[in-house]
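Listed below, chain by chain, are the residues.
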Amino acid sequence: TECVSGCVCPEGLFDDGRGGCVEQKDCPCIHNNEWYSSGDKIKVDCNTCTCQKGVWTCTEDVCYGTCMIYGSGHYNTFDGKFYDFDGSCEYVATQDFCGDKNSSGSFSIITENVPCGTTGVTCSKAIKMFLGVSDDKLKLENKEYKEIQRDVGDDVQYWNRTVGLYLVIEASNGVMLIWDKKTTVFIKLSPDYKGKVCGLCGNFDDKANNDFTTRGGLQENNPLNFGNSWKQSPMCPDVTQEVKPCDLKPHRKSWAEKECSIIQSEVFKICHSKVDPLPYYEACVHDACSCDSGGDCECFCSAVAAYAQECIKAEACVFWRTPDIC
């Protein structure tokens, strides 16, 4: 399947893996199981890769990291680890106060998770953001943004603006928060924070396998033990088992699967090779089953929007909203 010279093609020409023979300079490249011709360019995060003689050559810019928290307890860390955690408490989403007790940091973002629906799943109800040594404190809740405390001597400046459905808060220390005024929040960090943050969003060191590092610095395999270690109050109960809302509400399961199948349908086809739809589909079904106290369409829409957002990041624009859907 690779571009190889040999008995298939005449001397000096290479099998292009698609049944043709080409010169070496025209060898195609493969990415996510799709073939690209020589000279084609693709975006990988904030870098551009060009296909040259069958190999990708990429720019080496350092990219912003994005962590996404959405729906009923779904997390996608800065390094791309996807997991579920349904705790009811305040948790550290991300902060740069890591390591020893006295380590200095410039920000901390806390997510306040509360039960939504009757099955025991939780959603992020409010986000608190602490900035700088003087601890400016902002709170996002009930579609509103409040400055709880703004100290004089601001060592970290910040601005807020609205972009479409989202409220964006940008701080001068390279931290950005994007909130849909419901249950989805994106946290973007500048490359300066690589390997220097901790919390439910992982450590942003480009390795997903060590993202489950607890507050005590231990590596965990279990998302529940990892999540519990980041709770802010020892009074909150630990989460001991994963909630499976579709098992508790089997009558909602077929509706949830039917609605969420849009993620795996033709509508998103151009994105499937770039972003694996399966975890997003499963998260969508989970949310659609669990949202049983009103707002079930909103839960479904947020779940599909989360996948659409990842597709946009991978340069696959999908127009999925219609008058009937969200």
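Residues numbered from 1 in each chain as written. Predicted model: local features only at pLDDT ≥ 70, side-chain atom pairs only at ≥ 80, totals over all residues. Heavy atoms only, no water.

1. Topic: the overall build of the protein chain
The helix and strand inventory of the protein chain stands at 6 helices and 19 strands. With the C-alpha coordinates of the protein chain rotated into their principal frame, the extents come out at 75 × 50 × 40 Å. Counting across all 326 residues of the protein chain, residues that qualify as buried make up 47%. With an accessible surface of roughly 16300 Å², the protein chain has 51% of that area assigned to carbon and sulfur atoms. (Helix = DSSP H or I, 4+ residues; strand = E, 2+ residues; numbered from the N terminus. Buried < 20%, exposed > 50% of the residue type's maximum accessible area, 1.4 Å probe, protein only. Areas by Shrake-Rupley, 256 points an atom, 1.4 Å probe, with all protein chains shown as cover.)

2. Focus: the sheet that holds strand E18 (residues 175-179)
Pairing in this open sheet of 7 strands is antiparallel, and the strands run E10-E9-E8-E19-E18-E17-E16 from one edge to the other. Each end of this open sheet is capped by a strand with a single partner; those strands are strand E10 (82-84) and strand E16 (158-163). Each neighbouring strand pair of the sheet contributes to a mean axis angle of 15°, computed without reference to strand direction. Here strand E8 (residues 65-70) pairs with strand E19 (residues 185-189) via 5 bridges, running antiparallel. If you follow Met 68 over to E19, its bridge partner there is Phe 186. (Pairing = 2+ DSSP bridges. Axes fitted to C-alpha atoms, helices over the stretch in contact; angles between N-to-C directions.)

3. Notes on the nonpolar core
Ile 109, Leu 177, Ile 187 and Leu 189 are the most contacted members of the largest nonpolar core, which totals 41 residues. Excluding anything up to four places from it in sequence, Ile 109 contacts Tyr 91, Val 92, Ala 93, Thr 94, Ile 127, Lys 128, Met 129, Val 175, Leu 177 and Ile 187. Of all hydrophobic cores here, the second largest spans 34 residues; its members include Met 68, Cys 289, Phe 300 and Val 304. (Core = buried A, V, L, I, M, F, W, Y, C linked by side-chain atoms within 4.5 Å. Contact = heavy atoms within 4.5 Å.)

4. Structural notes on helix H5 (residues 278-290)
With 13 residues, H5 extends 18 Å from end C-alpha to end C-alpha; this agrees with the ideal 18 Å at 1.5 Å per step. Counting buried positions over the 13 residues of H5 gives 10, a clear majority of the element. Within H5, burial applies to Tyr 280, Tyr 281, Ala 283, Cys 284, Val 285, His 286, Asp 287, Ala 288, Cys 289 and Ser 290. (Expected span 1.5 Å × (residues − 1).)

5. Looking at the packing of aromatic side chains
Scanning the model with the defined rule gives 13 aromatic pairs in all. Aromatic pair Tyr 36 and Trp 56: ring centres 5.5 Å apart, planes at 70°, arrangement edge-to-face. Of the two residues, Tyr 36 is situated in strand E4 (residues 34-36) and Trp 56 in strand E7 (residues 55-58); the sequence distance between them amounts to 20 residues. Taking the centre distance of 5.2 Å and the plane angle of 55° together, the rings of Phe 268 and Tyr 307 count as tilted. With Phe 268 in the loop between helix H3 (250-260) and helix H4 (269-272) and Tyr 307 in helix H6 (residues 296-313), this residue pair connects regions lying 39 residues apart in the sequence. For Phe 268, a relative accessible area of 0% corresponds to the buried category. (Phe/Tyr/Trp six-rings, centres within 6.5 Å; stacked < 30°, edge-to-face > 60°.)

6. Thoughts on the state of the cysteines
This structure, assessed with the given rule, holds 13 disulfides. The side chain of Cys 271 participates in a disulfide bridge whose partner is Cys 311; the two sulfur atoms lie 2.0 Å from each other. Because the sign of the S-S torsion sets the handedness, a value of about -95° for the bond joining Cys 271 and Cys 311 places this disulfide among the left-handed ones. Taken together, the positions of Cys 271 in helix H4 and Cys 311 in helix H6 put the pair 40 residues apart, joining distant regions of the chain. Looking at Cys 271, the relative accessible area reads 0%, which means it is buried. (Disulfide = S-S within 2.5 Å.)

7. Notes on the layout of surface pockets
Estimates place the volume of the largest pocket at around 890 Å³. Lining of the largest pocket is provided by 34 residues; of these, Val 44, Asp 45, Glu 310, Lys 313 and Ala 314 occupy positions nearest its centre. Those elements giving two or more residues to the lining of the largest pocket turn out to be strand E5 (41-44), E8, H5 and H6. Of all the elements, E5 adds the most residues to the lining of the largest pocket, at 4 residues. (1 Å grid on protein atoms, 1.4 Å probe; cavity = no way out; pocket = protein on both sides within 12 Å on 5 of 7 lines; lining within 4 Å. Points joined across faces, edges and corners; volume = space filled by probe spheres on them.)

8. Considerations on the sheet that holds E7
Taken in spatial order, the 3 strands of this open sheet run E5-E6-E7, and their pairing is antiparallel. In this open sheet, the two edge strands, each paired with only one partner strand, are E5 and E7. Neighbouring strand axes in the sheet, compared pairwise and without regard to direction, differ in orientation by 35° on average. Of the pairings in the sheet, the one linking strand E6 (residues 47-52) to E7 comprises 4 bridges and is antiparallel in character. Its bridge partner lying in E7, Cys 49 is registered against Cys 58.

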